[in-house]
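One letter stands for each residue in the lines below.
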Amino acid sequence: MKVLLKKWRIAIAALLITGVLGAVFPEAGREALKLLGVNISTIIGILVPVFILLGLFDVWVPRERIAPHLGEASGIRGIVLAVLLGASSAGPLYVAFPVAEVMLRKGTSLRNIFIFLGSWSSMRLPMVLFEIQSVGPVFALSRFAASLAGILLMGVLLERLLGLEVRQEILERFEK
Amino acid sequence: MTWFLYLATGVLLGVSAAASPEKTKKALKKALNTFVNILPPLTATLLLVSISVALLPEKVIASLIGEESGFFGQILASLIGSLTLLPGFVAFPMAKVLLEHGAGVAQMAVFVSTLMMVGVATAPLEASFFGWKVTLLRNGMAYFWSFGIGYAVWLAVRIWI
């Protein structure tokens, strides 16, 4: 019960704020209620399949086993794999850090790690489907393309800037 | 579009169940977990966005983060995006409502991009894995690139819509 209350406290606070504001400004309150109804029904309708897709991806795509194919000599194929791995993942970015760490230890190059992280953060496929539903395909797909370009660029740049030293440093950090 | 999503999910779910009922069960459990986890922040955001949009005249939204707000609006959007921790499932509906009520396309794209790629709140965690040098570089680059993404999306929407 306590845990439940803690989880929902932000929502409860939001409900109180909305309720008070709606009571003070009844016209805005009615408008807000209308908006809320429309938003909830569309969003829940989309979220159910999206979350099932996320769960399936997470269970079927073995990240650690692919890591060795993402090494220094993996070239374009490695880059493509890193993008796909990130895009087919589930969960917020901070879940990706430990996964990336394991991949790094199993031989993934620093460049592909950054590409993986970038793709995880902004190109997750179920999320993009959801984005298309919410803000439309032009917005979603152009953002997707621009993000991809940036992620590849950043991966290459970061590796150039940091090099092998940092890789060693990161690995040592985890051996402690 | 939604029916296609349901169809694709249904087919994949069927294939997965045929291949391994156990894994499928695990996937469904994960889906349920994510859903339950996302519900409180989603509810809160929807409530707050609905009432703010209802209260704030479109003129105010437009002057802060509208098309005309220009670079100032983008900076504002990027700061909000970098500092807050919102899942995409919350951010996109929010962006949709704001776009319908006067927010600019570039500003929303900058907001979404920084939200996803730049994490001030998660920086200490990131640094504990990769060190501060990597963390600062990655977040810094992602921050600046977000403005490029904003421009690209703005351009695409201008051309195709």
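Residues numbered from 1 in each chain as written. Chains lettered and ligands numbered in written order. Predicted model: local features only at pLDDT ≥ 70, side-chain atom pairs only at ≥ 80, totals over all residues.

A. Structural detail: the overall build of chain A. The helix and strand tally for chain A stands at 8 helices and 0 strands. Across chain A, helices and strands are ordered from the amino to the carboxyl terminus as α-α-α-α-α-α-α-α. Each of the 176 residues in chain A was classed as buried or not, and the buried ones make up 45%. In chain A, of all internal contacts separated by at least 6 residues, the share reaching a separation of at least 24 is 76%. (Helix = DSSP H or I, 4+ residues; strand = E, 2+ residues; numbered from the N terminus. Buried ≥ 20, exposed ≤ 12 C-beta atoms within 10 Å, placed from the backbone. Contact = placed C-beta atoms within 7 Å.)

B. Region of interest: the overall build of chain B. Helix and strand counts for chain B stand at 7 helices and 0 strands. Each helix (α) and strand (β) of chain B, taken in turn from the N terminus, gives the series α-α-α-α-α-α-α. Projected onto its principal axes, the C-alpha positions of chain B cover 55 × 40 × 35 Å. Buried residues in chain B amount to 48% of all 161 residues. At a minimum sequence separation of 6, the contacts of chain B that also span at least 24 residues come to 77%.

C. Spatial organisation of the environment of W120 of chain A. On the secondary structure map, W120 of chain A appears in helix α6 (residues 110–122). Those residues within four positions of W120 of chain A in sequence are excluded, and the remaining contacts are G86, S89, L93 and A96 of chain A.

D. Highlighting the interface of chain A and chain B. On the side of chain B, 65 residues touch chain A, which itself brings 64 residues to the contact. At the level of secondary structure, the elements contributing two or more residues to the side of chain A that touches chain B comprise α1 (2–24), α2 (26–60), α5 (93–105), α6, α7 (125–135) and α8 (137–175) of chain A. Among the elements that make up the side of chain A that touches chain B, the one with the highest residue count is α2 of chain A (21 residues).

E. Main features of the packing of α2 of chain A against helix α5 (residues 88–100) of chain B. Axis separation between α2 of chain A and α5 of chain B bottoms out at 11 Å; the angle between their running directions is 140 degrees. When the axes of α2 of chain A and α5 of chain B are compared, the pair comes out oblique. You can see that α2 of chain A and α5 of chain B cross each other, and the crossing is right-handed. Residues L35, N39, I43 and L47 of chain A of α2 of chain A form the contact with α5 of chain B, whose own contacting residues are F89, P93 and V97 of chain B. Counted by class, the contact of α2 of chain A with α5 of chain B contains 6 nonpolar, 1 polar and no charged residues. (Axes fitted to C-alpha atoms, helices over the stretch in contact; angles between N-to-C directions. Parallel < 35°, antiparallel > 145°, perpendicular 65-115°, else oblique. Left-handed = near helix turned anticlockwise from the far one by under 90°. Nonpolar A, V, L, I, M, F, W, Y, C, P; charged D, E, K, R; others polar.)

F. Local environment of the packing of helix α1 (residues 2–19) of chain B against helix α2 (residues 21–55) of chain B. All names here are of chain B. Between α1 and α2, the shortest axis-to-axis distance is 5 Å and the interhelical angle comes to 135 degrees. The orientation of α1 relative to α2 falls into the category oblique. Touching L13, S16 and A17 of α1 are P21, K23, T24 and A27, all from α2. Of the residues contributing to the contact of α1 with α2, the split by class is 4 nonpolar, 2 polar and 1 charged.

G. Structural context of the nonpolar core. Counting 96 residues, the largest nonpolar core has F116 of chain A together with A95, M108, A109 and V153 of chain B as its most contacted members. Among the elements that line this core, the one with the most residues is α2 of chain A, at 12 residues. Counting contributing residues per domain, this core is built from domain 1 (1–47) and domain 2 (61–175) of chain A, each supplying no fewer than three. Leave out the neighbours within four places in its chain, and M108 of chain B touches A95, L98, L99 and A103 of chain B. (Core = buried A, V, L, I, M, F, W, Y, C linked by C-beta atoms within 7 Å. Domains from an automatic or database assignment.)

H. Region of the structure containing the environment of M127 of chain A. Residue and element names in this part refer to chain A. Within the secondary structure, M127 sits in helix α7. A count of 25 C-beta atoms within 10 Å places M127 in the buried class. Sequence separation between M127 and S109 is 18 residues; the distance between their C-alpha atoms is 26 Å.

I. Up close: the confidence of the model for chain B. Per-residue pLDDT for chain B has a mean of 91; in total, 99% of the residues score no lower than 70. We note a pTM of 0.83 for the whole complex and an ipTM of 0.83 for its interfaces. (pLDDT = per-residue confidence, 0-100.)

J. Seen up close, α1 of chain B. Taking 1.5 Å per residue as the helical rise, α1 of chain B with its 18 residues ought to reach 26 Å, and the 26 Å between its terminal C-alpha atoms agrees with that figure. Residues of α1 of chain B that are buried make contact with α2 and α7 of chain A together with α2 of chain B. (Expected span 1.5 Å × (residues − 1).)

K. Local environment of α6 of chain A. Taking 1.5 Å per residue, 13 residues should reach 18 Å; α6 of chain A reaches 19 Å between its end C-alpha atoms and fits that length. Most of α6 of chain A is tucked away: 13 of the 13 residues are buried.

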